[in-house]
Amino acid sequence: MATLGDIGVGASINILSAFLFFVVFAFLRLQPFNDRVYFPKWYLKGVRDSPTRSGAFVRKFVNLDYRSYVRFLNWMPEALKMPEPELIDHAGLDSAVYLRIYLIGLKIFVPIALVAWAVLVPVNWTNNTLDIAAHLKNVTSSDIDRLSISNIPEKSQRLWTHIVVAYAFTFWTCYVLLKEYEKVANMRLHFLATERRRPDQFTALVRNVPPDPDESVSELVEHFFLVNHPDHYLTHQVVYNANKLAKLVKKKKKMDNWLVYYQNKLERSKTSVRPLTKTGFLGLWGKKVDAIEHYQSEIDKLKKEIPEEREKVSNDPKSIVAAAFVSFKSRWGAAVCAQTQQSRNPTIWLTEWAPEPRDVYWPNLAIPYVELTVKRLIMGVAFFFLTFFFMIPIAFVQSLASIEGLEKAAPFLKPIVEVKFIKSVITGFLPGIALKLFLIFLPTILMIMAKFEGYASRSSLERRAASRYYLFSLVNVFLGSIIAGSALEQLKTFMHQSPSDIPVTIGTAVPIKATFFITYIMVDGWAGIAAEILMLKPLIIYHLKNTFLVKTDKDREEAMDPGSIGFNTGEPRIQLYILLGLVYATLTPVLLPFIIIFFGLAYVVFRHQIINVYNQEYESAAAFWPDVHGRILSALLISQLVLLGLLTTKKAAQSTPFLLALPVLTFAFYKYCQGRFEPAFVRYPLQEAKMKDTLESAREPNLNLKGYLQSAYVHPVFKECDDDDDEDHYSFEKYENESCVTVATKRQSRRNTPVPSRMTDQSTPSLPDAVEDLQP
């Protein structure tokens, strides 16, 4: 078990690591040849030029101004200077609101830490319960644990202090969340009201279009919306299953890169020997051939295959999916369609707000809607087993964190781990880094699972992966570490006590696991955040591409990898720290300063990254905030239940019932916020839509909205491939001059069509009229 000295060793290692990362970053960011790595956002905005284009030869690559090295930490105050409204204009509302999650952590835990250290720490410290337990019950503890509630004896009147403080912490957390929810909701509505025109404001995504034997999907969609939305329907774009075409285009890009690489290699070679490559997997085996000729021939083959596949996709009715992007003449019309049920059968003609074009995850739109439920059920079962089997590495990590408990079960390890420095490193640093290494591939696995489930936008994919990541962290990192760690540390006690005494031992041991979480926070939250700003992977990839692939400025721009905020990984990590802070605020307050340092450091680092580096792939107008709010409240609820269970083991029969009201009040607060603020994040008010439509029509009365929308949701692979082809297979220009009051229908069923058909220029008789005509 980690002592105060072990925690000090771990803190020293992580502080030195973080400082080293900052120093290396400060040096690298000042070098001109790294400018595109550490300031790519400004290049993408077109407001920054490469410093390597002018000046002396050496100055193109190395910064010789010694004064800039003296001020190597000036990026921190610079990151805090940009006001929030300017930050929203610069990076978007998603990025600005994401930063507010870190501010919430500071707002919640700074006052809580002051109260906890002023009230709870003296109450916990002035007892000797753990000393007595160590002699009588062989319970393992350290000097840090004397600051926790474990040092309070059973049936003590001092437990009333923890109950009163728990109420204070709950009310303060709810107050902060209430103000933030209100603030973010207003920011979202203001952002939507002032945002520039975007295609998704006028468009709804329609899925599960029912099959019709007489009409194609495109004709059926047009017919349905001209009938049911005659005054507002404008145009539509059917969805094509172009996944195979996208793979071919992607393969061609890869081949182009290899061709450029070998051409550059030949040009830079001092000899005339042409480069060779192997035709096998990854070029590791197979027949040796001329690399340039090989990749040129592969590209020529793909140039033939791509137009053929494109033609097949455009002409084959089976390539059209039962889904479409339907655009309207106004935001009001789009809001009515996206937020209402379209048919008496609630399983067909399903409508929702369309993601913005860059947010659409096109491969999943080709998945039949009926398959989504099955896919999500399969992934639910897979996630359960993934979570369950991950308990094995968690138990291994806990064995590193519990030296005393391990020595009791395996005495032969004692001579090795008793070396003071080794012991300090193992308990104060190794558990945290081991757990982080085990979690390194988890985000990728969860994102693959989310894609398999069929979500249609990148933002929904990230939110789904984030929710799974948080649940995984809750079960494995939090509960798993506590259960496995408690069992290992109290191993001898568990083996020799009666089953009725086990809950008492667990209740005493839960606060003791704070030392493990402190080591994890230092590794992941201190050194990990500092490593984030170094951007080692994008740095290496950029220079490799710049050396072997770049020929033009466009190539150099494509070599940049600015990345994004990574909501699916960053937000669950924040939520884990909020959970740990709320749980241990009343149990072991010594953990709170470590969490506060994380939130402060992370806020500065990610603010800098958002301003200078990250290029967000989409803008959801902070649609993720209800999830953030709900997870914080779930953490608060868990902290109350943990305290309730712990007080039960303390046999505080008189004081414990007073805690029962806290979970009820917290849930009532959640329902209030859900009803008061959440509608602003899932629905668009018709009043706001009408107001914005009115203003736009007054400012731009001659706006050609159809020309703006008709190609907005064309599959991007059609725009990438065959750029020289002048024929646009997927536009709807032929309908531009036609009135939207006619319906093209080929149905033989003689269903009611209230306006003239394009085919006959006459109205189709209603069903009763048709029946009358057939009667003698």
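The structure displayed is predicted, hence computed values, not measured ones. (Residues numbered from 1 in each chain as written. Predicted model: local features only at pLDDT ≥ 70, side-chain atom pairs only at ≥ 80, totals over all residues. Heavy atoms only, no water.)

(A) Local environment of the overall build of the protein chain. Looking only at helices and strands, the protein chain features 36 helices and 6 strands. A separation of at least 24 residues holds for 81% of the contacts in the protein chain among residues at least 6 apart in sequence. (Helix = DSSP H or I, 4+ residues; strand = E, 2+ residues; numbered from the N terminus. Contact = heavy atoms within 4.5 Å.)

(B) Region of the structure containing the packing of aromatic side chains. Under the defined criterion, the tally for this structure stands at 41 aromatic pairs. Among the aromatic residues, those joined into a cluster by ring pairs are Tyr-98, Tyr-102, Phe-109, Tyr-577, Phe-598, Phe-599, Phe-606 and Tyr-614. The ring centre of Tyr-708 lies 5.6 Å from the NZ or CZ of Arg-197, which sits over that ring. For the cation-ring pair, Arg-376 lies above Tyr-455, with the distance from its terminal atom to the ring centre recorded as 4.3 Å. (Phe/Tyr/Trp six-rings, centres within 6.5 Å; stacked < 30°, edge-to-face > 60°. Lys NZ or Arg CZ within 6 Å of the ring centre and 35° of its normal.)

(C) Representation of the sheet that holds strand S2 (residues 233–240) in the model. Across the sheet, 4 strands lie side by side as S2-S5-S1-S6; this open sheet has antiparallel pairing. Among the strands making up the open sheet, the edge pair consists of S2 and strand S6 (350–353). In this sheet, neighbouring strand axes are inclined to one another by 25° on average, regardless of whether the strands run parallel or antiparallel. Direction of pairing for strand S1 (residues 203–207) relative to S6: antiparallel, over a ladder of 4 bridges. The partner of Val-206 across the bridge, within S6, is Thr-351. Sitting on the sheet, helix H13 (residues 331–338) touches S1, strand S5 (320–328) and S6, and the angle it makes with S6 is about 130°. (Pairing = 2+ DSSP bridges. Axes fitted to C-alpha atoms, helices over the stretch in contact; angles between N-to-C directions.)

(D) How the structure looks around helix H15 (residues 369–389). Here H15 contains 21 residues, and its C-alpha end-to-end distance of 31 Å stays within 8% of the 30 Å for a straight helix at 1.5 Å per residue. Every buried residue belonging to H15 is among Leu-372, Lys-375, Met-379, Phe-383 and Thr-387, and all of these are buried. In an axial view of H15, the angular spread of the buried residues amounts to 100°, which keeps them on one side of the axis. Turned more than 90 degrees away from the buried face of H15, the exposed residues are Val-370, Thr-373, Leu-377, Phe-384 and Phe-388. (Expected span 1.5 Å × (residues − 1). Buried < 20%, exposed > 50% of the residue type's maximum accessible area, 1.4 Å probe, protein only. Arc of directions from axis to C-beta.)

(E) Representation of the packing of helix H7 (residues 93–125) against helix H29 (residues 592–612) in the model. At a closest axis distance of 9 Å, the pairing of H7 and H29 adopts a crossing angle of 160°. Put simply, H7 runs roughly antiparallel to H29. Considering how the two elements wind past one another, H7 and H29 form a crossing that is left-handed. Of the residues contributing to the contact of H7 with H29, the split by class is 21 nonpolar, 3 polar and 1 charged. (Parallel < 35°, antiparallel > 145°, perpendicular 65-115°, else oblique. Left-handed = near helix turned anticlockwise from the far one by under 90°. Nonpolar A, V, L, I, M, F, W, Y, C, P; charged D, E, K, R; others polar.)

(F) Main features of the nonpolar core. Residues Tyr-102, Phe-478, Leu-580, Tyr-584 and Trp-625 are the most contacted members of the largest nonpolar core, which totals 147 residues. With 16 residues, H7 is the single largest residue contributor to this core. Not counting the four nearest positions on each side in its chain, Trp-625 is found in contact with Val-97, Ile-101, Ile-104, Glu-180, Tyr-181, Val-184 and Phe-681. Membership of the second largest hydrophobic core comes to 20 residues, among which are Leu-248, Val-249, Leu-259 and Val-717. (Core = buried A, V, L, I, M, F, W, Y, C linked by side-chain atoms within 4.5 Å.)

(G) Here's a closer look at the pattern of salt bridges. Counting across every chain of the model gives 19 salt bridges. With a shortest N-O distance of 3.1 Å, Glu-78 and Lys-81 are connected by a salt bridge. Separated by 3 residues within a single helix, Glu-78 and Lys-81 lie in helix H5 (residues 75–81), roughly one turn from each other. Residues Asp-524 and Arg-573 are paired through a salt bridge, measuring 3.6 Å at the closest nitrogen-oxygen approach. Taken together, the residues span a long stretch of sequence, with Asp-524 in helix H25 (residues 514–534) and Arg-573 in helix H28 (residues 567–585) at a distance of 49 residues. Bridged by salt links that share partners, the residues Glu-195, Arg-198, Asp-200, Glu-356 and Arg-358 form one connected network. (Salt bridge = Lys/Arg side-chain N within 4 Å of Asp/Glu carboxyl O.)

(H) Quick peek at the confidence of the model for the protein chain. Overall, the predicted model of the protein chain reaches an average pLDDT of 81, with 79% of residues at or above 70. When the criterion is pLDDT under 50, residues 726–742 qualifies, and its contacts beyond four places in sequence or with other chains add up to 32 contacts. In this model, residues 749–776 is a region of pLDDT below 50 whose contacts with residues beyond four sequence positions or in other chains number 37 contacts. (pLDDT = per-residue confidence, 0-100.)

(I) Up close: the environment of Trp-160. Here Trp-160 is to be found in helix H9 (residues 159–194). The class of Trp-160 is partly exposed, set by a relative accessible area of 29%. A C-alpha to C-alpha distance of 8.6 Å links Trp-160 and Thr-656, two positions 496 residues apart in sequence.

(J) View of the environment of Lys-288. In this structure, Lys-288 sits in strand S4 (residues 288–290). Classification of Lys-288 by relative accessible area gives exposed; the value is 57%. For Lys-288 and Lys-278, which are 10 residues apart along the polypeptide, the C-alpha to C-alpha distance reads 4.5 Å. Ignoring any residue separated from it by four or fewer positions in sequence, one finds Lys-288 in contact with Thr-277 and Lys-278.

(K) Layout of unusual backbone geometry. Phi is positive for Asn-208, which is not a glycine, with a value near 60°. Among the structural elements, Asn-208 can be located in the loop between S1 and helix H10 (217–228). If you check the backbone angles, Trp-349 has positive phi at about 50° while not being a glycine. On the secondary structure map, Trp-349 appears in the loop between H13 and S6. You can call Trp-349 buried: its relative accessible area is 5%.

(L) Spotlight on the packing of H28 against H29. At their nearest, the axes of H28 and H29 sit 10 Å apart, and the two run at 155° to each other. Taken together, the axis directions place H28 and H29 in an arrangement best described as roughly antiparallel. For the pair H28 and H29, the crossing hand works out as left-handed. Contacts between H28 and H29 involve Arg-573, Ile-574, Tyr-577, Ile-578, Leu-580, Gly-581 and Ala-585 from the first element and Leu-592, Ile-595, Phe-598, Phe-599 and Phe-606 from the second. Across the contact of H28 with H29, the residue classes break down as 10 nonpolar, 1 polar and 1 charged.

(M) Fine view of the pairing of S5. Counting buried positions along S5 gives 7 out of 9 residues, so the element sits mostly inside the fold. Note that S1 and S5 share 5 bridges and pair antiparallel. Within S5, the position partnered with Val-206 by the bridge is Ala-324.

(N) Quick peek at a positive patch on the surface. On the surface, a cluster of positive charge is contributed by Lys-250, Lys-251, Lys-254, Lys-451 and Arg-458. Tallying contributions element by element places helix H11 (residues 243–268) first for the positive patch, with 3 residues. Topologically, Lys-254 is positioned in helix H11. (Patch = residues over 30% accessible without salt bridge, like charges linked within 9 Å, V, L, I, M, F, W, Y side chains within 5 Å. Areas by Shrake-Rupley, 256 points an atom, 1.4 Å probe, with all protein chains shown as cover. Lys, Arg positive; Asp, Glu negative; His and termini not counted. Charge placed at Lys NZ, Arg CZ, Asp CG, Glu CD.)

(O) Summary view of the side chain of Thr-170. Here Thr-170 is to be found in helix H9. Within the structure, the side chain of Thr-170 is placed 3.2 Å from the side chain of Gln-640, a separation counted as a polar contact. Filtering out sequence-adjacent residues up to four positions away, Thr-170 remains in contact with Leu-636, Gln-640, Leu-662 and Thr-666. (Polar contact = N/O pair within 3.5 Å; in protein donor to acceptor, adjacent residues only side chain to side chain.)

(P) Region of interest: a nonpolar patch on the surface. A surface patch of nonpolar side chains, about 780 Å² in accessible area, is lined by Leu-377, Val-381, Phe-384, Phe-385, Phe-388, Phe-389 and Ile-392. The element best represented in the nonpolar patch is H15, accounting for 6 residues. As for its placement among the helices and strands, Phe-384 is situated in helix H15. Classification of Phe-384 by relative accessible area gives exposed; the value is 52%.

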